[in-house]
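Structure assessment
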Amino acid sequence: MSPGAEDLPVCIVGAGPAGLAAARALRRLGIAYEQFERHRDVGGIWDLENPGTPMYRSAHFISSRRQSGFFDYPMPDHYPDYPGHRQILEYARAFARDHGLYAAIRFGRAVEQAEPVDDGSWRVRLADGETRRYRALICASGSNWHPYLPRHPGDFAGEIRHSVSYRDPEEFRGRRVLVIGAGNSGCDIACDAAANAEAAFISLRRGYHFIPKHIFGIPADEFAERGPKLPMWLEQRLFGWMLRLMVGRLSRFGLPEPDHRIFESHPILNSQLLHYLQHGDIAARGDVAGFEGGEVVFRDGRRERIDLVLYATGYQWRIPYVPESCFDWDGGRPQLYLTAFSARTRNLFGLGYLETNSSAYTLFDHIAQLIANHLDDQVRRPDRAAAFTQQIREDRTPLHNGLRFVDSPRHKAYIEIAAYKRHIEHLRRQMGWPALVPGYFAALRA
């Protein structure tokens, strides 16, 4: 980096939860930054008024209140075990206010292009044509904005949409609805269809493990956190046995049995879908073969007359304002060291581009702290910064804890949370960076 470039501020793109975590980490270390948010307020996808959000009115967190939230900033005690989207949005905005983050956010300003410059800095062009320079770029613009819509053969007489357009259960009234896809959002939306549509169906290509949201009256992730730390192979066996005891064989409800062991794919945290399947309010179907007029034809030969096909088939991960060549990509996922550091391009970071078996917000804080400490070292301890840059290029420690994840694009950026936390704690100690401890951010709230 050329002399003087280290005096430039850092650019953060996005003011959703990941962007807010990045901003707090930089502000705590006194690192100058500017943050750009194309919408009019913070909150990212949790704001139903944010154009393009995939949020819907019945959406709730799939991790529980006590296990979620930003570090040292718990969700309010009056929140339910699994808060709804309005409460999450309220919480994110309170977090930004209480930590003084609003002042550095430029609302209504979209980043159109960001590219590295020969002197080591970044040139950022905004949608209005203004260009600014920064010493680093943190991409925190989210991964759920570009829907993936597969195509099935045949002509369909009904309506086809992606779930990104879905908002309200009233959309299903008087209609025969097929939801394709069984991620957590797909299962939530299928439950809305089960309760409101004339007839409801869900199509699954493979079987999944369904984890109840409460186990013995305790939120599932809280139950897991309270339990003893066991080897992964033993945890898989015990948890798989407990699920079989509590839920039974999923084939009883017309669902395919999982083709993988527990934790080898993102589990479905949903108690309602099994309830609706048990009561006949929704029916499970296999993979779709194609369309014929007003009917959907399934690979097993069955047919159903359908009015609305809703694809809950996930999202393409894009960072459209950065040249693709700045990242290494695999399966449509940016391959980032510790899910955050580009090994290809200096001072290019991503926050929120990961999949894991854990709640995200506290994890965002730990990742943001790594980024902030590295940026601080570049100015105060350049030798240590150089050592970590070498680590970014060379360290390939596996972060799967012995699990064999399902071979799918979604799992190209998947980490097992226990292995991840162990590794970043090892690196933190190795680099001599401070730990996140209660009170670490207290000065920002004074």
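Definitions and limits used
Residues numbered from 1 in each chain as written. Predicted model: local features only at pLDDT ≥ 70, side-chain atom pairs only at ≥ 80, totals over all residues. Heavy atoms only, no water. Helix = DSSP H or I, 4+ residues; strand = E, 2+ residues; numbered from the N terminus. Rg over C-alpha atoms; globule rule 2.2 N^0.38 Å. Buried < 20%, exposed > 50% of the residue type's maximum accessible area, 1.4 Å probe, protein only. Contact = heavy atoms within 4.5 Å. Lys, Arg positive; Asp, Glu negative; His and termini not counted. Charge placed at Lys NZ, Arg CZ, Asp CG, Glu CD. Pairing = 2+ DSSP bridges. Axes fitted to C-alpha atoms, helices over the stretch in contact; angles between N-to-C directions. Parallel < 35°, antiparallel > 145°, perpendicular 65-115°, else oblique. Nonpolar A, V, L, I, M, F, W, Y, C, P; charged D, E, K, R; others polar. Salt bridge = Lys/Arg side-chain N within 4 Å of Asp/Glu carboxyl O. Left-handed = near helix turned anticlockwise from the far one by under 90°. Phe/Tyr/Trp six-rings, centres within 6.5 Å; stacked < 30°, edge-to-face > 60°. Lys NZ or Arg CZ within 6 Å of the ring centre and 35° of its normal.

1. Remarks on the overall build of the chain
- Looking only at helices and strands, the chain has 9 helices and 24 strands in total.
- Here the chain has a C-alpha radius of gyration of 23 Å; the compact-globule value for 446 residues is 22 Å, and the two agree.
- Per-residue burial over the chain gives 55% buried out of 446 residues.
- Contacts in the chain between residues far apart in sequence, at least 24 positions, make up 67% of those at least 6 positions apart.
- In the chain, 56 positive and 53 negative side-chain charges are present, and the distance between their average locations comes to 2 Å.

2. Section: the sheet that holds strand β18 (residues 303–305)
- On the basis of which strands lie adjacent, the open sheet formed by 3 strands has the order β16-β17-β18 and antiparallel pairing. In this open sheet, the two edge strands, each paired with only one partner strand, are β16 (288–292) and β18. Across the sheet, the mean angle from the axis of one strand to that of its neighbour is 25 degrees, orientation sign disregarded.

3. Quick notes on the packing of helix α7 (residues 361–380) against helix α8 (residues 382–394)
- Two elements in contact, α7 and α8, have axes whose closest approach is 6 Å; the angle formed by their N-to-C orientations is 135 degrees. Classed by the angle they form, the pair α7 and α8 counts as oblique. Residues H374, D377, Q378, V379 and R380 of α7 lie in contact with α8, whose contacting residues are P382, R384, A385, F388, T389 and I392.
- When grouped by side-chain class, the residues that make up the contact of α7 with α8 number 5 nonpolar, 3 polar and 3 charged.

4. As for the pairing of strand β10 (residues 199–203)
- The buried count for β10 comes to 5 of 5 residues, which makes it a mostly enclosed element.
- With burial as the criterion, each face of β10 is covered, one bearing A199, F201 and S203 and the other bearing A200 and I202.
- As paired strands, strand β9 (residues 176–180) and β10 are joined by 5 bridges and run parallel to one another. The residue of β10 that forms the bridge with V177 is A200.
- By the bridge criterion, 3 bridges tie β10 to strand β15 (residues 283–285) in an arrangement that is parallel. If you follow F201 over to β15, its bridge partner there is A283.

5. Side note on the pattern of salt bridges
- For the coordinates displayed, the defined rule picks out 34 salt bridges.
- One salt bridge in this structure joins R109 and D128, with 2.4 Å as the shortest N-O distance. Of this pair, R109 sits in the loop between β3 (105–107) and β4 (111–116) while D128 sits in the loop between β5 (122–126) and β6 (131–134), and the two are 19 residues apart along the sequence.
- What makes R109 buried here is its relative accessible area of 18%.
- The closest approach of N and O atoms between E425 and R429, which form a salt bridge, is 2.8 Å. You can see E425 and its partner R429 sitting in helix α9 (residues 417–431), 4 residues apart, about one turn around the helix.
- Bridged by salt links that share partners, the residues E34, R106, R109, D128, E130 and R132 form one connected network.

6. Some thoughts on the packing of helix α1 (residues 17–28) against α7
- At a closest axis distance of 8 Å, the pairing of α1 and α7 adopts a crossing angle of 40 degrees. Judged on the interaxial angle alone, α7 and α1 are oblique. With respect to the hand of their crossing, α1 and α7 are arranged in right-handed fashion. The residues of α7 that touch α1, namely those facing P17, A18, A21, A22, R24, A25 and L26, are Y361, F364, D365, A368, Q369, A372 and L375.
- Taken together, the residues of the contact of α1 with α7 break down into 11 nonpolar, 1 polar and 2 charged.

7. Digging into the packing of aromatic side chains
- Per the counting criterion, the structure on display carries 22 aromatic pairs.
- Between Y166 and F172, the aromatic rings sit 5.0 Å apart at their centres with planes inclined by 10 degrees, giving stacked as the arrangement. Accessibility classification places Y166 together with F172 in one group, the buried group.
- With 4.9 Å between their ring centres and 85 degrees between their planes, Y440 and F441 make a pair best called edge-to-face. Residue Y440 shares its accessibility class with F441, and that shared class is buried.
- Each member of the aromatic cluster is reached from another via a ring pair, and the members are W46, F61, F70, Y73, Y91, F95, Y361 and F364.
- Positioned above the aromatic ring of Y440, the side-chain terminus of R28 is 4.1 Å from the ring centre.
- Here R38 stacks its cationic end above the ring of W145, 4.9 Å away from the centre of that ring.

8. Section: the pairing of β16
- Pairing of β16 with strand β17 (residues 295–298) involves 4 bridges; the strand directions are antiparallel. Following the sheet pairing, V288 is matched in β17 by F298.

9. Regarding unusual backbone geometry
- Unusually for a residue other than glycine, F216 sits at a positive phi of about 55 degrees.
- Checked against the element boundaries, F216 lands in the loop between β12 (214–215) and β13 (218–219).
- According to the relative accessible area criterion, F216 is exposed, its value standing at 61%.
- If you check the backbone angles, N347 has positive phi at about 55 degrees while not being a glycine.
- For N347, the position within the fold is in the loop between β21 (333–334) and β22 (348–350).
- A relative accessible area of 5% places N347 in the buried class.

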